[in-house]
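For reference, the chains in residue letters:
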2 protein chains.
Amino acid sequence: MQSWSPSASISTLITLATLENEKPSGSHETVPLELIAEAQLKGYHSVCLPLTTENWHTRWTEMCLMPSDSIQRRTRESRRESKLAIRDLSVEGKAEAWRENPCFERDEVTITRLAKNVTAIISEWLELDAEEDGIRYDAEIALQQELAYASYLNIHTAILPAPRNRDHVSSYARTVRACLSSAPYMNLAIRLPVYDTSLLEPTLIVSPSSSSSFQSSSAPSTPRLVVSGSADSLNRPSPSSASLEAHIDAAWETWDLIRSICDYNIRLALALDLTPPLPNSPGVLSKWAAESVRYIFLPSSTFIANAKGYPVLPKPTQTFIRDSMAHRPNIIISGASSGLHKRGGEDAYSQYVKHLERTSPVVEAAEKVGTVENFAQGYQDYLQAPLQPLMDNLQSITYQTFEQDPVKYQSYEEAIHKALAEWPKQDKIVICVAGAGRGPLVARSLSAIKRSKRGNVRLYAIEKNPNAFVTLQSRQRMEWKDRVRLLFGDMRLIQIPEKVDILVSELLGSFGDNELSPECLDGAMRFLKPQGISIPSSYTAHLAPLSSSKLYNEARAIKEEKSLETPYVVMFQAVNLLSGEGPGPSGSCGPQVQECWEFEHPRKNPVLNAQGLPPTNSHNTRSAKLRFHIPHAGVLHGLAGYFEAILYGNIGLSIHPQRKDQVSKDMLSWFPLFFPFKEPLYLPSNSELQISIWRLTNERQVWYEWHAESFLGSESSSPAGAKSPTMSGHPLPSSNLMASPTIGVPSPLIDAVDLAPRSSISFQDTPERSTARLVKIGHTSLHNPGGRSSWIGL
Amino acid sequence: MQSWSPSASISTLITLATLENEKPSGSHETVPLELIAEAQLKGYHSVCLPLTTENWHTRWTEMCLMPSDSIQRRTRESRRESKLAIRDLSVEGKAEAWRENPCFERDEVTITRLAKNVTAIISEWLELDAEEDGIRYDAEIALQQELAYASYLNIHTAILPAPRNRDHVSSYARTVRACLSSAPYMNLAIRLPVYDTSLLEPTLIVSPSSSSSFQSSSAPSTPRLVVSGSADSLNRPSPSSASLEAHIDAAWETWDLIRSICDYNIRLALALDLTPPLPNSPGVLSKWAAESVRYIFLPSSTFIANAKGYPVLPKPTQTFIRDSMAHRPNIIISGASSGLHKRGGEDAYSQYVKHLERTSPVVEAAEKVGTVENFAQGYQDYLQAPLQPLMDNLQSITYQTFEQDPVKYQSYEEAIHKALAEWPKQDKIVICVAGAGRGPLVARSLSAIKRSKRGNVRLYAIEKNPNAFVTLQSRQRMEWKDRVRLLFGDMRLIQIPEKVDILVSELLGSFGDNELSPECLDGAMRFLKPQGISIPSSYTAHLAPLSSSKLYNEARAIKEEKSLETPYVVMFQAVNLLSGEGPGPSGSCGPQVQECWEFEHPRKNPVLNAQGLPPTNSHNTRSAKLRFHIPHAGVLHGLAGYFEAILYGNIGLSIHPQRKDQVSKDMLSWFPLFFPFKEPLYLPSNSELQISIWRLTNERQVWYEWHAESFLGSESSSPAGAKSPTMSGHPLPSSNLMASPTIGVPSPLIDAVDLAPRSSISFQDTPERSTARLVKIGHTSLHNPGGRSSWIGL
């Protein structure tokens with residue numbers, strides 16, 4: 001097992017003021033290089049450097065922000081009444097010359113020589129989202145000019161000024177898209193405060209301190225990012241959490257629009273600015289886990305002093321940074337040398353961040369042997385095609401990987417042991433392992449038989465993989481001897497010497513039935529006695545809606561046809577579940593993760609043909625219609641699929657995120673399933689999402705199809721006086737409510753209160769609550785069988 | 001000019017009852033054929049025939065709707081407590097045998113022989129959207145079975161039973177999609193009542209009369225479509241129009257979901273059932289114009305008796321049918337022979353429908369010489385790439401087509417005449433036609449000069465197309481002699497002997513500037529005197545959001561890369577403008593069609609280089625951000641682009657849908673522009689749509705990019721107590737409101753009140769109105785330059 005290599009990197013921000021102050025000691029050409037070298041000596045991985053000086057700002061302002069010019073551009077009246085516009089044509093001539101051939105002069109840039117590990121900070125004052133067309137257009141030329149210059153200096157990443165104007169975010173985004181296209185080797189990051197403090201109540205707006213601003217001065221004529229920059233502000237009462245949540249949602253909405261317009265370009269990332277104090281409710285920040293947060297801004301002013309005077313972060317920021325470590329961000333510390341805190345000096349900030357990394361739950365889990373996180377190093381967010389053990393014969397290495405699971409086979413042994421223990425003492429018992437593979441369940445069965453101290457047990461093992469059958473024969477000869485009888489063949493066709501009492505199988509996939517366990521066991525039921533039992537006895541499939549720009553991009557990147565119409569096995573990391581715990585505006589939403597359907601073995605009263613097989617597979621079709629509450633705005637990229645199985649009695653297996661630790665903690669064998677959507681679906685705050693999913697079959701194949709519709713509660717959207725048609729709103733009738741599998745049913749696996757029943761009870765208690773009228777606001781296209789439906793393959 | 005060939009077709013519906021009643025007179029095999037032959041003799045174009053008999057209904061019900069079976073399937077409890085489910089295994093065995101090999105018996109179908117012009121009516125009782133999985137699954141098998149049988153009989157169209165259950169429309173749609181895929185030569189139509197009467201107030205629900213039901217009897221166990229089937233019901237007071245609107249929106253929402261899940265398959269159409277009485281407000285029905293309504297059901301019970309006792313339709317239905325004639329629907333009349341009306345007999349119904357076709361405004365316009373509708377026969381909804389006269393030299397036939405316009409050149413002559421009339425009498429005047437083509441503007445200039453009775457006018461004509469220049473020389477020699485001087489060359493480069501007073505050009509495209517008129521005239525301004533005038537003197541571009549499944553499919557069908565990122569010239573027909581007249585929930589929406597930007601010639605205070613040309617093209621960039629109110633739910637498929645130009649004074653050209661008839665009625669030269677969207681965007685009722693559009697340029701090209709965001713007013717979507725952030729809601733500040741070009745400005749072209757100023761005034765009068773909090777609910781991807789940006793090409 002490899003251990004976690006801490007790979008969050010730490011950068012420092014050099015300000016124009018620092019460059020200015022250092023000048024006496026060095027030459028114009030060497031100052032930035034010296035500062036970069038110094039930062040590297042101090043242990044920073046990279047340096048963020050503003051690319052342009054105040055000279056450029058001045059020239060650009062004179063050329064492009066001339067007042068007469070802006071009057072000229074701003075109003076249509078002026079286009080008619082030209083006398084009003086007293087234009088300085090020589091300045092406009094200079095601007096035209098610049099537009100024709102954009103070019104810096106030496107004193108307008110901070111650096112002229114090639115430098116390594118430098119991230120360019122684009123001129124903060126560039127108004128890419130200015131009200132006026134002309135300013136935006138000139139800002140775009142200036143941005144392209146800076147990017148071209150950065151590219152010339154071999155700088156590969158640039159951080160763009162924050163969007164400031166919601167009304168023109170689409171123009172800002174269009175410009176970024178154009179830059180991604182014209183600078184094909186440049187990575188761009190959008191600086192974005194985690195919320196816009198200027199929108200909060202006036203008392204919360206703190207005048208900017210130069211330590212948290214990139215450039216030491218900026219002309220009063222251009223809007224500036226107003227940030228709460230002094231440590232004092234952190235001691236003030238924080239704004240109401242609901243208001244903060246709305247503002248954090250608004251910041252995310254801005255980011256969503258930008259990256260959507262840029263079509264999720266993988267060279268576009270987010271530089272999340274943690275200057276504003278974070279709220280205590282971490283839930284509202286969870287959406288950032290699904291985004292490409294490659295940089296985190298952490299000015300020294302964000303730190304508070306601990307009892308000894310050393311800089312530490314406020315609790316919510318600590319938590320957020322720790323959680324973010326999973327994504328290995330680049331953390332940009334600014335103002336570390338400004339002496340804001342009494343103790344620790346400049347190093348204290350980066351050392352503290354390293355401490356947060358070491359104590360991050362993800363890092364700790366990854367370093368602990370036996371956890372899924374440790375087991376799955378390198379598999380985070382990696383899309384794998386689900387196994388098709390029925391169609392393909394597995395490789396030995398695959399069996400080996402799964403045999404490492406310390407929990408799954410222990411649970412199987414317990415289940416077999418319990419079944420034996422409950423079986424009437426005097427009866428002879430026949431056990432059959434159907435699909436024995438390399439034999440782990442055979443070994444566990446033998447162990448359970450031994451523990452049960454019963455002499456009258458006979459054990460069969462069936463396997464259809466000829467290669468694995470060699471291993472089985474070898475183990476029989478070396479270990480098991482005549483305690484097991486091996487049978488070679490497909491469990492759906494093979495004839496076995498006698499009927500069995502206990503049929504043990506491990507055919508489950510991440511979604512329960514997705515590796516065709518129901519179809520295989522249908523075939524094996526031929527040789528199960530009427531009162532015989534199956535281990536597992538039943539299993540359920542579960543879904544939750546998820547957001548993940550990473551997974552969306554990964555699925556799109558697969559160039560096979562219909563890559564977005566097939567589910568994948570994925571160890572989730574950069575993923576955010578969008579659903580809350582219901583009941584939602586309609587009162588009919590289920591819990592965060594909802595059950596789709598169940599399979600039971602043996603089936604009750606099956607219709608069988610002369611061979612003991614079901615004439616058609618129609619009894620294995622299923623469908624589910626689930627309704628989720630979406631508390632915070634997000635983008636739906638897919639569905640997370642989980643399973644839960646009852647092996648026997650109260651012994652089970654579960655990868656259900658809220659129950660797995662209670663049912664089968666540290667089980668390694670299954671990552672969740674990811675059902676992608678072709679087109680992202682935007683979901684506003686407090687909306688509802690209806691997921692339809694079908695398990696379908698014909699005589700040869702089994703596959704899933706899935707679809708989503710979104711709804712928003714609305715008072716105002718119905719024409720005045722209209723009676724709300726149930727076609728549109730359709731709160732579920734209560735009879736449906738009771739029958740719906742989404743409502744928590746008593747689970748034999750968990751006696752403790754779990755989340756699902758709690759929320760379902762809370763709204764069953766108040767059936768008269770007024771349900772909002774729901775308005776449909778969107779849907780996805782149907783996802784139907786791609787190249788990878790599972791073949792029954794008989 | 002070809003004349004309108006009436007091609008709406010009329011069909012008759014044969015019911016099971018009719019088949020049954022006719023039996024004594026003919027054999028089992030021949031009755032349907034005789035009825036079909038009889039219908040054709042009566043002049044019907046085709047016959048709609050139910051495919052299955054009551055026998056099949058009975059067998060299917062016994063097999064698939066057994067009560068014990070449905071208990072078994074319905075509840076999960078029953079899966080556990082098998083004692084409750086007393087199943088008849090022999091029936092289930094029969095069902096399994098059927099599922100394995102679906103097959104009709106002779107008496108279960110109505111027809112066995114090949115027949116022409118027959119549309120199959122699929123068993124109306126099939127519950128494709130049943131609550132229960134199992135019933136839906138079996139209904140799907142039965143549907144596939146009927147379609148396969150219809151296909152065997154060479155029937156190419158089948159009408160499916162109406163969806164009944166909003167909760168399972170997605171399942172219904174998924175089944176339809178599966179059928180479209182498994183029956184690749186079959187056209188499917190979804191029967192859909194224009195609204196669902198069962199959702200109205202109980203007083204309005206009228207028990208079904210057999211004359212409007214396809215099958216004469218149906219088992220009480222299956223739900224039936226409840227329709228208001230007796231003529232009496234039409235005399236009752238109609239339900240509140242707002243309620244009706246909501247129900248009509250709900251019916252459309254059902255259709256939208258089905259065709260979306262079927263990915264706008266062109267073999268899927270709508271059979272709109274006009275059995276329910278239509279409301280008096282036709283606006284709410286306009287959305288159907290954008291849909292594929294290929295069939296219209298018109299039972300005789302929908303007709304009322306006129307004073308003489310002949311069947312006629314109520315006014316709203318008349319209007320709807322007349323308007324629908326544009327789309328050449330197949331109108332299915334049922335119950336014509338049931339004698340519901342005293343006079344006229346069976347023929348009266350179809351004759352009345354033919355009368356409606358003849359008196360339809362579209363048909364009348366198409367038959368009248370001189371109208372656009374007549375001129376554009378065959379071009380409806382046909383996508384053409386916009387002309388690029390700057391890059392390409394046009395063909396003579398193209399010039400010929402446009403020279404046919406009786407209005408455009410008359411307006412030009414008037415404008416030139418007016419300019420001459422206002423010019424000081426004593427001055428010599430130089431006129432130059434820039435881009436003379438084959439000479440229509442030269443001829444009009446000469447005519448205006450002659451009418452002005454001025455002797456001191458000199459006329460130049462410039463043309464860069466060498467082929468057209470031959471025609472010009474020929475006309476000069478034959479007609480114009482020395483009254484005009486021809487100059488060969490590009491107006492942006494050519495040197496001309498003297499400066500001119502009046503520059504006349506016809507470089508306008510459907511969107512005004514899209515054929516690069518601004519760039520060309522920039523070049524021609526070199527030889528315009530300082531006080532000279534340009535005809536046209538200015539032009540504006542206008543947009544409105546549109547819905548059209550036809551245009552969406554046409555644009556997708558173009559297999560060139562980025563076919564959905566380029567605008568097209570289209571004569572709109574199956575198109576519905578989604579916008580209303582504002583002000584919308586935020587109070588900041590403009591009128592139905594909004595102005596984007598303006599170009600003026602000559603430009604005020606241009607910066608020019610030594611050659612008299614602008615150094616860059618940056619002054620020709622434009623952008624607009626428009627906000628539209630969407631009163632009724634619809635799907636955004638694209639934008640409609642229009643232009644309006646002022647030639648001189650109050651003489652103009654306009655294709656603005658609300659103003660063209662006042663400015664330049666019957667002008668033929670321009671169809672609107674269609675900007676497509678890649679992904680349809682669902683817009684709920686009473687939502688707002690924000691369109692961003694940019695006219696962009698670099699040193700070589702000019703192109704447009706466009707983007708849309710949708711918003712919904714919501715009371716409940718903000719977390720309790722949250723202060724609404726302006727980032728999200730952003731009602732426009734009033735200063736913006738005044739400066740926005742979307743607000744109607746006084747137009748020199750129209751003095752009469754037009755719609756735009758009216759609505760803008762109405763909300764400027766009430767600035768304190770409470771604006772709803774808007775929640776963003778969706779957006780489109782950015783559309784950026786495709787293969788077809790216009791090349792400046794110098």
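Residues numbered from 1 in each chain as written. Chains lettered and ligands numbered in written order. Predicted model: local features only at pLDDT ≥ 70, side-chain atom pairs only at ≥ 80, totals over all residues. Heavy atoms only, no water.

Novice: Would you mind going over the side chain of Thr52(A) in detail, with residue names and values included?
Specialist: Relative to the helices and strands, Thr52(A) is located in the loop between strand E2 (46-50) and helix H3 (54-64). Looking at Thr52(A), its side chain comes within polar contact range of the side chain of Ser123(A), at 2.5 Å. (Helix = DSSP H or I, 4+ residues; strand = E, 2+ residues; numbered from the N terminus. Polar contact = N/O pair within 3.5 Å; in protein donor to acceptor, adjacent residues only side chain to side chain.)

Novice: So, the packing of aromatic side chains: which residues are in play, and what are the values?
Specialist: Throughout the structure, instances matching the rule amount to 40 aromatic pairs over all chains. Look at Phe104(A) and Tyr149(A): their rings are 5.7 Å apart centre to centre, the planes differ by 75 degrees, and that puts the pair in the edge-to-face class. On the criterion of sequence distance, the pair formed by Phe104(A) in the loop between helix H6 (89-100) and strand E3 (118-121) and Tyr149(A) in helix H7 (residues 133-152) is long-range, its members being 45 residues apart. Exposure remark for Phe104(A): the relative accessible area of 15% places this residue in the buried category. Here the aromatic cluster, defined as three or more aromatic residues joined through ring pairs, consists of Trp56(A), Trp98(A), Phe104(A), Tyr149(A) and Tyr152(A). The ring centre of Trp694(A) lies 5.6 Å from the NZ or CZ of Arg174(B), which sits over that ring. Seen from the ring of Phe711(B), Arg627(B) lies directly overhead, with NZ or CZ sitting 4.8 Å from the centre. (Phe/Tyr/Trp six-rings, centres within 6.5 Å; stacked < 30°, edge-to-face > 60°. Buried < 20%, exposed > 50% of the residue type's maximum accessible area, 1.4 Å probe, protein only. Lys NZ or Arg CZ within 6 Å of the ring centre and 35° of its normal.)

Novice: I'd like to hear about helix H15 (residues 408-422) of chain A, residue by residue, with values.
Specialist: With 15 residues, H15(A) ought to run about 21 Å at 1.5 Å a step, and its terminal C-alpha atoms sit 21 Å apart, in line with that. Taken together, the buried positions of H15(A) are occupied by Lys408(A), Tyr409(A), Ser411(A), Tyr412(A), Glu413(A), Ala415(A), Ile416(A), Ala419(A) and Leu420(A). (Expected span 1.5 Å × (residues − 1).)

Novice: Explain the sheet that holds strand E12 (residues 457-463) of chain A to me, using residue names and the numbers behind them.
Specialist: All names here are of chain A. Spatially, the five strands line up as an open sheet ordered E13-E12-E11-E14-E15, and their pairing is parallel. Of all strands in the sheet, those with a lone pairing partner are strand E13 (484-488) and strand E15 (528-535), marking the two edges. Each strand of the sheet is rotated relative to its neighbour by a mean of 25 degrees, with strand direction disregarded. With six bridges connecting them, strand E11 (residues 429-434) and E12 associate as parallel partners. Within the sheet, the bridge partner assigned to Val433 lies in E12 and is Ala461. (Pairing = 2+ DSSP bridges. Axes fitted to C-alpha atoms, helices over the stretch in contact; angles between N-to-C directions.)

Novice: Residue-level account of the UniProt feature "binding site: S-adenosyl-L-methionine" (unreviewed entry) in chain A, with values.
Specialist: Residue and element names in this part refer to chain A. Residues annotated in UniProt with the feature "binding site: S-adenosyl-L-methionine" (unreviewed entry) correspond here to Tyr399, Lys408, Tyr409, Glu463, Asp490 and Met491. Taken along the chain, the residues just named run across 93 residues; in space they spread out, the farthest C-alpha pair reaching 23.8 Å. Not counting residues up to four positions away in its chain, the partners in contact with Tyr399 are Leu394, Gly437, Arg438, Glu463, Asn465 and Ala468. For Tyr409, a relative accessible area of 4% puts it in the buried group. What Tyr409 contacts, discounting residues up to four positions off in sequence, is Phe402, Glu403, Pro440, Leu441, Arg444 and Glu506. (UniProt positions renumbered as here; feature names shortened; annotations may be inferred. Contact = heavy atoms within 4.5 Å.)

Novice: Can you break down the pattern of salt bridges residue by residue, with the values?
Specialist: Enumeration over the complete set of coordinates arrives at 75 salt bridges over all chains. The salt bridge partner of Glu253(A) is Arg166(A), with a shortest N-O separation of 3.1 Å. Taken together, the positions of Glu253(A) in helix H9 (residues 241-261) and Arg166(A) in the loop between strand E4 (157-160) and helix H8 (169-182) put the pair 87 residues apart, joining distant regions of the chain. Taking relative accessible area as the criterion, Arg166(A) reaches 5% and is therefore assigned buried. In this structure, Arg174(A) engages Glu705(B) in a salt bridge whose closest nitrogen and oxygen atoms are separated by 3.8 Å. (Salt bridge = Lys/Arg side-chain N within 4 Å of Asp/Glu carboxyl O.)

Novice: I'd love a proper account of the pairing of strand E14 (residues 500-505) of chain A, names of residues and values included.
Specialist: All names here are of chain A. Buried residues dominate E14, accounting for six of its six residues. One ladder, built from four bridges, connects E11 with E14; its direction is parallel. Pairing of Cys432 across the sheet is with Leu503, part of E14. Pairing of E14 with E15, which is carried by four bridges, proceeds in the parallel orientation. Opposite Val500, over in E15, you have Leu528 as the bridge partner. Once you follow E14 into helix H18 (residues 517-524) and on to E15, the crossover reads as right-handed. (Right-handed = clockwise from strand over helix to strand, strands pointing away.)

Novice: With reference to specific residues and values, describe the packing of helix H10 (residues 315-324) of chain A against helix H11 (residues 347-358) of chain A.
Specialist: The relative placement of two packed helices is expressed as an angle between their axes plus a distance between the axes. Residue and element names in this part refer to chain A. At a closest axis distance of 8 Å, the pairing of H10 and H11 adopts a crossing angle of 65 degrees. Remark: the crossing between H10 and H11 carries right-handed chirality. Where H10 approaches H11, its residues Gln318, Ile321 and Arg322 are matched on the opposing element by Tyr352, His355 and Leu356. Of the residues assigned to the contact of H10 with H11, the class counts are three nonpolar, two polar and one charged. (Left-handed = near helix turned anticlockwise from the far one by under 90°. Nonpolar A, V, L, I, M, F, W, Y, C, P; charged D, E, K, R; others polar.)

Novice: Describe in detail the sheet that holds E3(A), supporting the description with residues and values.
Specialist: All names here are of chain A. Strands sit in the order E1-E2-E3-E4-E5-E6-E7-E10 around a closed barrel of eight strands; the barrel is parallel. On average, each strand axis in the sheet is inclined to that of its neighbour by 25 degrees, with strand direction left out of account. Where strand E7 (residues 293-299) lies against strand E10 (residues 330-334), five bridges are found, and the strand directions are parallel. What sits directly across from Tyr295, in E10, is Asn330. Running at roughly 150 degrees to E7, H10 makes contact with strand E6 (268-273), E7 and E10 of the sheet.

Novice: Before we move on, could you go through unusual backbone geometry and cite the residues and values that matter?
Specialist: With omega at 10 degrees, the peptide bond leading from Ile535(A) into Pro536(A) counts as cis. As for its placement among the helices and strands, Pro536(A) is situated in the loop between E15 and strand E16 (538-547). Positive phi, close to 55 degrees, is recorded for Lys453(B), a residue that is not glycine. Here Lys453(B) shows up in the loop between helix H16 (440-452) and strand E12 (457-463).

Novice: Give a description of the state of the cysteines that names residues and reports values.
Specialist: For the coordinates displayed, the defined rule picks out zero disulfides over all chains. Cys103(A) carries a free sulfur, and the closest cysteine sulfur to it, the one in Cys64(A), is 14 Å from it. With a relative accessible area of 47%, Cys103(A) lands in the partly exposed category. Cys596(B) forms no disulfide, and the closest cysteine sulfur to it belongs to Cys589(B), at a distance of 15 Å. Classification of Cys596(B) by relative accessible area gives buried; the value is 2%. (Disulfide = S-S within 2.5 Å.)

Novice: Could you give an account of the side chain of Ser360(B), naming the residues involved and the relevant values?
Specialist: Within the secondary structure layout, Ser360(B) lies in the loop between helix H11 (347-358) and helix H12 (361-367). In this structure the side chain of Ser360(B) is engaged in a polar contact, spanning 3.0 Å, whose partner is the backbone oxygen of Arg322(B).

Novice: Which residues make up the confidence of the model for chain A, and what values go with them?
Specialist: Residue and element names in this part refer to chain A. Here chain A averages 83 in pLDDT, while 81% of its residues score no lower than 70. Confidence scores differ between elements of chain A, with helix H23 (residues 755-764) showing the lowest mean pLDDT of 32 and E16 the highest of 98. In the predicted structure, residues 68-86 sits below a pLDDT of 50 and forms 32 contacts with residues beyond four places in sequence or in another chain. Note that pLDDT drops below 50 for residues 751-770; the model gives that stretch 22 contacts with residues more than four away or on any other chain. (pLDDT = per-residue confidence, 0-100.)

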